[in-house]
Amino acid sequence: EDQVTQSPEALRLQEGESSSLNCSYTVSGLRGLFWYRQDPGKGPEFLFTLYSAGEEKEKERLKATLTKKESFLHITAPKPEDSATYLCAVQEGYNFNKFYFGSGTKLNVKP
Amino acid sequence: DTGVSQNPRHKITKRGQNVTFRCDPISEHNRLYWYRQTLGQGPEFLTYFQNEAQLEKSRLLSDRFSAERPKGSFSTLEIQRTEQGDSAMYLCASSPHGQGHAEAFFGQGTRLTVV
């Protein structure tokens, strides 16, 4: 059973064309939801942690939001350097023992 | 550099050989995780340490895999009798102590190729 589902699998945008990535989750008692950026051949780079529904976090052109069932990563006026795979992960309840990851959304921003 | 450090970055080995990877977490991070990632997939949980204690191990982890974290500092992941299916990126992450800190910080990974 998949705890985390990300969509779309791949997204191609023109530079400046804003869009959103989706992460839906099915865990009992969300401890935290995490967004990471991963470049090819590299480890995931931490972006945001969201803890409760209604919470929002921003960093440059990225904004992450959280509801009770899903999270969105909004990308405003993306640039080619935003091209990467964006991963979503969750932790359940008070279990620090693991993160459940989605398969990621591969974003390609064309100049 | 104060991030998570993994060595080696790349490893090519013949099927049936043993390999060992090392992870040096961020200083004072007491939580350490190992994950495995194959192409086009998200990281898959392997095992978790809190200080030197291995508290959880994935059921997907066969008995050919073993991990240690002596003295609660660096960690090693050993794969015995490697198989082609073990080819993947092996990622280590660490996380600080405390209720207010949940996010994990990853190293650059060790890319294993079994030929």
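Up top you'll find the structure we're talking about.
Residues numbered from 1 in each chain as written. Chains lettered and ligands numbered in written order. Predicted model: local features only at pLDDT ≥ 70, side-chain atom pairs only at ≥ 80, totals over all residues. Heavy atoms only, no water.

Asker: Go over the sheet that holds strand β3 (residues 19-25) of chain A with me, naming the residues and quoting the values.
Answerer: Across a sheet, paired strands are connected by hydrogen bonds in the backbone, their directions being either parallel or antiparallel. All names here are of chain A. Read from one edge of the open sheet, 5 strands run β1-β3-β8-β7-β6, paired in antiparallel fashion. Two strands lie at the open edges of the sheet, namely β1 (4-7) and β6 (56-59), each paired on one side alone. For this sheet, the mean angle separating the axes of adjacent strands, direction not counted, is 15°. Looking at chain direction, strand β7 (residues 62-66) and strand β8 (residues 70-75) are connected through 5 bridges and run antiparallel. Paired with L66 across the strands is S71, a residue of β8. (Pairing = 2+ DSSP bridges. Helix = DSSP H or I, 4+ residues; strand = E, 2+ residues; numbered from the N terminus. Axes fitted to C-alpha atoms, helices over the stretch in contact; angles between N-to-C directions.)

Asker: Any chance you could break down the side chain of R69 of chain B for me, citing the residues and the numbers?
Answerer: All names here are of chain B. Within the fold, R69 resides in the loop between β7 (65-68) and β8 (75-79). Buried R69, no salt bridge; nearest opposite-charge side chain is E52, N-O distance 7.1 Å. Only 3.1 Å separates the side chain of R69 from the backbone oxygen of N51, close enough to count as a polar contact. At a separation of 2.8 Å, a polar atom in the side chain of R69 contacts the main-chain carbonyl oxygen of S73. Setting aside residues up to four positions removed in sequence, R69 forms contacts with P25, H29, N30, R31, L32, F49, Q50, N51, E52, F74 and S75. (Buried < 20%, exposed > 50% of the residue type's maximum accessible area, 1.4 Å probe, protein only. Lys, Arg positive; Asp, Glu negative; His and termini not counted. Salt bridge = Lys/Arg side-chain N within 4 Å of Asp/Glu carboxyl O. Polar contact = N/O pair within 3.5 Å; in protein donor to acceptor, adjacent residues only side chain to side chain. Contact = heavy atoms within 4.5 Å.)

Asker: Tell me about the environment of L50 of chain A, and please be specific about residues and values.
Answerer: All names here are of chain A. For L50, the location among the structural elements is in strand β5 (residues 45-50). Along the backbone, L50 and T65 are 15 residues apart, and their C-alpha atoms lie at a distance of 7.6 Å. If sequence neighbours within four positions are ignored, L50 has contacts with G32, L33, E55, E56, K57, A64, T65, L66 and S71.

Asker: Explain the interface of chain A and chain B residue by residue, including any values.
Answerer: It is common to give the size of an interface as the accessible area that goes away when the parts come together. Contacts between the two partners involve 21 residues from chain A, matched on the other side by 25 residues from chain B. Summing both partners gives a buried area of about 1,900 Å² for chain A against chain B, and 51% of it is carried by carbon and sulfur. Along the contact surface separating chain A from chain B lie 1 salt bridge. Between K98 of chain A and E56 of chain B there is a salt bridge, with the nearest N and O atoms lying 2.9 Å from each other. Going through the elements one at a time, β4 (30-38), β5 and β9 (84-92) of chain A are the ones with two or more residues in the side of chain A that touches chain B. (Buried area = accessible area lost by both parts, 1.4 Å probe.)

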